[in-house]
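# Descriptive structure summary
So the chains spell out like this:
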Amino acid sequence: MFQLKTTALRACAALSLLALASSAYAEPLTLAQAVEQAIKQDAWLASNSKQQQASMALSQGATALPDPKITLGLLNMPTDTFDFEQEAMTQMSVQVTQMFPAGDTLKINSNQYRVKAKQAQWQRANRIALVEKDVTRLWLTSYYYQRALAIVEQSKPLFEQLNDAVVSNYRSSYGSVRQQDLVRAELELSKLDQRLIELAQARDNAVNQLKQYLPEQFSTQLTIANQQSALEALVIVPEQMSQSLTTCLTNHPLVKLLDARSDSAQLDQLLAEQKYKPQWGVTLGYGYRGDAPNGNDRADLASLAVSVSLPIFSSVRQDAEVSAARLQAEALLSDKELLLNELKARYQALMSNWMQLKNRENLYQSKLLPQYHASSEAALNAYTRNDGRFVDIVQARIAELNAQVELLGIQVEQSKQAAELHYLLASQSKAHLKGEQL
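Our subject in this report is the structure included herewith. Just so we're clear, the structure is a prediction, and the values are computed from it rather than from any experiment.

Moving on, we come to the overall build of the protein. Per the secondary structure count, the protein includes 10 helices and 6 strands. Looking at the protein as a whole, 39% of its 438 residues are labelled buried. Considering only contacts within the protein whose residues lie at least 6 apart along the sequence, 83% involve residues at least 24 apart. When the accessible surface of the protein is split by element, carbon and sulfur atoms take 54% of a total near 24500 Å².

Okay, the side chain of His252 next. As for its position among the elements, His252 is in the loop between helix H7 (245–250) and helix H8 (253–274). Given a relative accessible area of 0%, His252 falls into the buried group. Among all residues touching His252, those that are not within four sequence positions of it are Asn126, Leu343, Tyr423, Leu424 and Ala426.

Among the nonpolar cores identified, the biggest contains 35 residues, and Trp139 and Leu210 are the most heavily contacted of them. Among the elements that make up this core, the one with the highest residue count is helix H4 (residues 105–172) (13 residues). Not counting chain neighbours up to four residues away, the residues in contact with Leu210 comprise Leu29, Val135, Leu138, Trp139, Ser142, Leu222 and Ile224. With 22 residues, the next largest nonpolar core counts Leu245, Leu258, Ala418 and Leu421 among its residues.

On to the pattern of salt bridges. Under the defined criterion, the tally for this structure stands at 12 salt bridges. For Lys40, the salt bridge identified is with Glu36, shortest N-O distance 3.8 Å. With Lys40 and Glu36 both in helix H2 (residues 31–40), this residue pair falls 4 residues apart, about one helical turn. In this structure, Lys336 and Asp259 form a salt bridge, with 2.9 Å as the shortest nitrogen-oxygen distance. Placement of the pair is Lys336 in helix H9 (residues 315–384) and Asp259 in helix H8, with a sequence separation of 77 residues. Overall, Lys336 belongs to the partly exposed group, its relative accessible area being 22%. Via salt bridges that share partners, Lys133, Arg137 and Glu420 belong to a single interconnected network.

As a further point, take the sheet that holds strand E5 (residues 280–288). A sheet is described by the order of its strands in space; here 4 strands give the open sequence E2-E3-E5-E6, paired in antiparallel fashion. Since the sheet does not close on itself, it has two edges, and those belong to strand E2 (69–75) and strand E6 (301–308), each with one partner. For this sheet, the mean angle separating the axes of adjacent strands, direction not counted, is 20°. Sheet topology note: the E2/strand E3 (residues 91–100) ladder contains 7 bridges and is antiparallel.

This paragraph deals with the packing of H9 against helix H10 (residues 390–424). At their nearest, the axes of H9 and H10 sit 8 Å apart, and the two run at 160° to each other. Compared by their axis directions, H9 and H10 come out roughly antiparallel. For H9 against H10, the interelement crossing comes out left-handed. Grouping the constituent residues of the contact of H9 with H10 by class yields 23 nonpolar, 9 polar and 11 charged.

Definitions and cut-offs
Residues numbered from 1 in each chain as written. Predicted model: local features only at pLDDT ≥ 70, side-chain atom pairs only at ≥ 80, totals over all residues. Heavy atoms only, no water. Helix = DSSP H or I, 4+ residues; strand = E, 2+ residues; numbered from the N terminus. Buried < 20%, exposed > 50% of the residue type's maximum accessible area, 1.4 Å probe, protein only. Contact = heavy atoms within 4.5 Å. Areas by Shrake-Rupley, 256 points an atom, 1.4 Å probe, with all protein chains shown as cover. Core = buried A, V, L, I, M, F, W, Y, C linked by side-chain atoms within 4.5 Å. Salt bridge = Lys/Arg side-chain N within 4 Å of Asp/Glu carboxyl O. Pairing = 2+ DSSP bridges. Axes fitted to C-alpha atoms, helices over the stretch in contact; angles between N-to-C directions. Parallel < 35°, antiparallel > 145°, perpendicular 65-115°, else oblique. Left-handed = near helix turned anticlockwise from the far one by under 90°. Nonpolar A, V, L, I, M, F, W, Y, C, P; charged D, E, K, R; others polar.

Structure, rendered in structure tokens:
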């Protein structure tokens, strides 16, 4: 029964590795390519760009005056005869009225649409930075499982050699210890096969999550490039920052978005203040009169009128609108301060985590990995001299294997923390907004 289970596990592992080998024919996807493709095909970015263009179009049209009004009328028609020429006051009237909005209302409306367009740009900058961060994390997760799978697969021949040695010893010796070693060797090989299956499954899940950000041509086969340089490229240290932390965070797209919203609130206040000013209107009129009953010609009539609104009874409503707009602008300033504090706290926490991970990486590379390897070699030498136990070799080899995978996990997690730091330090130059002026 044990042998049957072992054979089944090895068969599953072989199928998993065969699938990995078949996918190797696909072009490996580097981190830079994944980010570029994800940004290029993001539908949200395309929609946001259209909204920005719409706001700019509305900004250009907002400065136009309202359409004039034309009034046609028949004035002072006598109702006893309905004769157009009977009365001198009877006339055909044409009037054109043009209204002029109060104060700088048109200019402020145009500026509001421009500010809205600027908000769309900063929203897009933040979206790009978010996509870059999320794709980087998913790519790193896929990279981790692919590399872990390779590390475990590379160590499998060592366990197979140990198993062959135990089988050979078991055939020449029938002691209970040797039989126990045989069972343990078969068990460890089966556990290794099981681990390979689990890693392959985790890798496939991570790759499938990454595919949601990629174009359709990546929906079938996708392999992650064995790109160790990607881990190094994401490293950030405080000395590499050309500006202070506060300055860098002030340039973050989310902060700039709040600045744009604050500008919009200030324009709302200015627009509300325009209602205190009068609204003007001009009316030009022309009246055509018929001839007198005796045949004499009657002069046509022209008129000019100027109207002006008197904002007397609406002062309470206008005061409330101005006050509300001012309070909204002040609230956005408070929101900006809270956001900066939040970003700074996140940066400091991420930087602390990154430094601790860096210390752990140095410890693994300088001490732990060499010590695990030395312990594994010592256990093997002792066993070959009949001075050690087989279980000690297995435990030492597994500990060394686990240490290699743990080091990989530390390096990948360090890169994920760096990706988070990159997002916090995102700015216009980081946003891939080529040719755009924010």
